[in-house]
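# Chain and residue survey
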Amino acid sequence: MSLEKADEQADKKDESKKSKTDWIGEFKSIALLLLAVLAFHSFVAKPFYIPSVSMMPSLLVGDRLIVSKYAYGWSWVSPTFHILPRMEGRLLGSMPQRGDIVILTPKDQSSDYIKRVIGLPGEMLELRGGQVFLNGEPVKQEVRPDLMLPIDTNSPCENREFPGLRVTDETGKSFCQLPVLRETLPNGVSYDVIDLGPQSSDDIPPVIIPENYVYLLGDNRDLSADSRVASPLGLDGAIPWENIGGRAEFITFSLDGTTTLNPVSWFTSFRSGRAGTSLRPEKEISAAE
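Every chain begins its residue count from 1, and numbering advances along the sequence as written. The model is predicted, so local features are restricted to residues of pLDDT at least 70 and side-chain atom pairs to those at 80 or more, both for listing and for counting; the totals for chains, interfaces and linings are taken over all residues. Where side-chain values are given, they derive from all heavy atoms of the structure, hydrogens and water being excluded.

Let us look at the sheet that holds strand E4 (residues 113-119). DSSP calls a pair of strands paired once it identifies at least 2 bridges connecting them. Under the scheme used here, helices are H or I runs from DSSP no shorter than 4 residues and strands are E runs no shorter than 2 residues, and both carry numbers assigned from the N terminus. Strand order in this open sheet of seven strands is E1-E2-E15-E3-E4-E13-E14, and the pairing throughout is antiparallel. A strand with exactly one partner marks an edge of an open sheet, and here the two such strands are strand E1 (45-49) and strand E14 (239-240). For strand E3 (residues 101-104) and strand E15 (residues 244-254), the ladder comprises three bridges, and the chain directions are antiparallel. Counted as the bridge partner of Val102 is Arg247 from E15.

Attention now goes to the side chain of Lys46. Mapped onto the secondary structure, Lys46 falls in strand E1. Burial classes: relative accessible area under 20% of the type maximum marks a residue as buried, over 50% as exposed, and values in between as partly exposed (1.4 Å probe, protein chains only). Judged by its relative accessible area of 10%, Lys46 is buried. In this description, contact between two residues means that some pair of their heavy atoms is separated by no more than 4.5 Å. Those residues in contact with Lys46, other than ones at most four positions away along the chain, are His41, Leu65, Ile66, Val67, Lys69, Ile103 and Asp112.

Attention now moves to the pattern of salt bridges. By definition here, a salt bridge exists when the distance from a side-chain nitrogen of Lys or Arg to a carboxyl oxygen of Asp or Glu is within 4 Å. According to the stated counting rule, one finds 15 salt bridges in the structure shown. A salt bridge links Arg98 to Glu123; the nearest nitrogen and oxygen atoms lie 2.7 Å apart. Placement of the pair is Arg98 in the loop between strand E2 (63-68) and E3 and Glu123 in the loop between E4 and strand E5 (124-128), with a sequence separation of 25 residues. Its relative accessible area of 6% is what places Arg98 among the buried residues. Judged by relative accessible area, which is 11%, Glu123 ranks as buried. We note a salt bridge from Arg160 to Glu158, for which the minimum N-O separation is 2.9 Å. Residue Arg160 is classed as exposed on the basis of its relative accessible area of 67%. Taking relative accessible area as the criterion, Glu158 reaches 31% and is therefore assigned partly exposed. The structure contains a network of salt bridges with shared partners spanning Asp63, Asp152, Arg271 and Arg274.

Once that is clear, we can look at the pairing of strand E10 (residues 174-184). In terms of burial, E10 is a largely internal element, eight of the eleven residues being buried. Summarising the sheet, strand E8 (residues 140-150) and E10 pair through nine bridges and their orientation is antiparallel. Counted as the bridge partner of Met148 is Gln177 from E10. In textbook terms, the turn of a hairpin is the stretch between consecutive antiparallel strands, and for strand E9 (residues 166-168) and E10 this stretch comprises five residues, one of which, Gly172, has a positive phi near 95°. Between the antiparallel neighbours E10 and strand E11 (residues 189-194) lie four residues, among them Gly188 with a positive phi of about 90°.

Looking now at the layout of surface pockets. Computed from the structure, the largest pocket encloses a volume of approximately 430 Å³. Lining the largest pocket are 20 residues, with Pro57, Ser58, Arg182, Asp192 and Glu282 positioned closest to its centre. Amino acid classes used here: Ala, Val, Leu, Ile, Met, Phe, Trp, Tyr, Cys and Pro are nonpolar; Asp, Glu, Lys and Arg are charged; the rest, including Gly, are polar. Considered class by class, the residues forming the lining of the largest pocket number eight nonpolar, four polar and eight charged. A cavity here means a set of 1 Å grid points, computed over protein atoms only, where a 1.4 Å probe fits but cannot escape. A pocket is an open set with protein on both sides within 12 Å along at least 5 of 7 lines, and lining residues have an atom within 4 Å of a point. Grid points are joined across faces, edges and corners, and a volume is the space filled by probe spheres set on the points. The calculated volume of the second largest pocket comes to roughly 200 Å³. Lining the second largest pocket we find 13 residues, and of these Leu60, Leu149, Pro150, Arg271 and Arg274 sit closest to its centre.

Take the state of the cysteines next. By disulfide we mean two sulfur atoms from cysteines, separated by a distance within 2.5 Å. With the rule as written, the count across this model stands at one disulfide. Residue pairing for Cys157: its cysteine sulfur links by disulfide to Cys176, the two sulfurs lying 2.0 Å apart. The sign of the 65° torsion about the S-S bond sets the Cys157-Cys176 disulfide as right-handed. Taken together, the residues Cys157 in the loop between E8 and E9 and Cys176 in strand E10 connect sequence positions 19 residues apart. A relative accessible area of 6% places Cys157 in the buried class. Among the residues examined, Cys176 registers a relative accessible area of 2% and is labelled buried.

Here is the structure:
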């Protein structure tokens with residue numbers, strides 16, 4: 001065999017080796033990427049989808065938002081798939097601020113809820129006629145103009161949830177006319193809540209919130225399975241702070257429910273004006289803690 005043929009065969013072998021896929025290496029790369037994504041979701045931030053009306057008007061069905069996982073430190077609930085056993089305490093933990101919107105895992109469930117922190121450890125909380133009282137003092141409420149929420153697939157304003165509140169304007173466009181109150185907590189944090197009138201959940205006898213527990217309510221006060229509601233649907237009272245998985249920060253985008261396989265619908269289904277909305281509540285500078 002000539003030297004030229006030997007070189008040619010060697011080149012072909014090298015090309016053959018190069019053309020073969022290193023499947024083990026590819027698998028390792030994908031596995032490392034997945035681990036990095038899971039670690040980021042578990043300890044830094046993760047996306048969250050709103051599936052229910054319980055946090056209206058702040059959050060609508062179809063909203064996508066970012067939750068920071070480090071805001072209060074880390075606990076057994078921090079990993080994305082809740083693979084750790086339930087245990088007390090938090091690593092580098094801090095208590096949520098009054099008015100924060102948080103994601104949490106109920107005491108006897110594995111699903112994630114999203115609610116607002118109202119009561120803090122050691123406080124006495126009660127509801128009278130739908131108004132929150134903290135340590136015997138009423139939380140300020142002001143009547144706001146009705147919210148005219150455009151009706152879409154994700155916000156259909158069904159009669160079983162919002163009886164008699166579906167209206168149509170002079171142009172023929174349909175809205176859900178929602179009665180709104182502006183609630184201001186003792187630390188000056190303000191936000192809107194929906195009050196549909198007298199309900200059985202409007203009156204809650206005084207409860208003392210235990211140490212390292214918080215009391216949570218939904219902004220849609222009459223359609224929220226929160227600390228007022230017994231298990232298995234609700235939170236069944238105050239919840240331990242280690243069951244809080246993070247703080248809601250801002251809305252990334254919102255969909256009206258009309259998305260289909262048609263790529264055009266991926267753009268037309270976006271709700272305008274919601275992307276980038278901060279979920280950190282407003283605070284009145286003049287209010288004192």
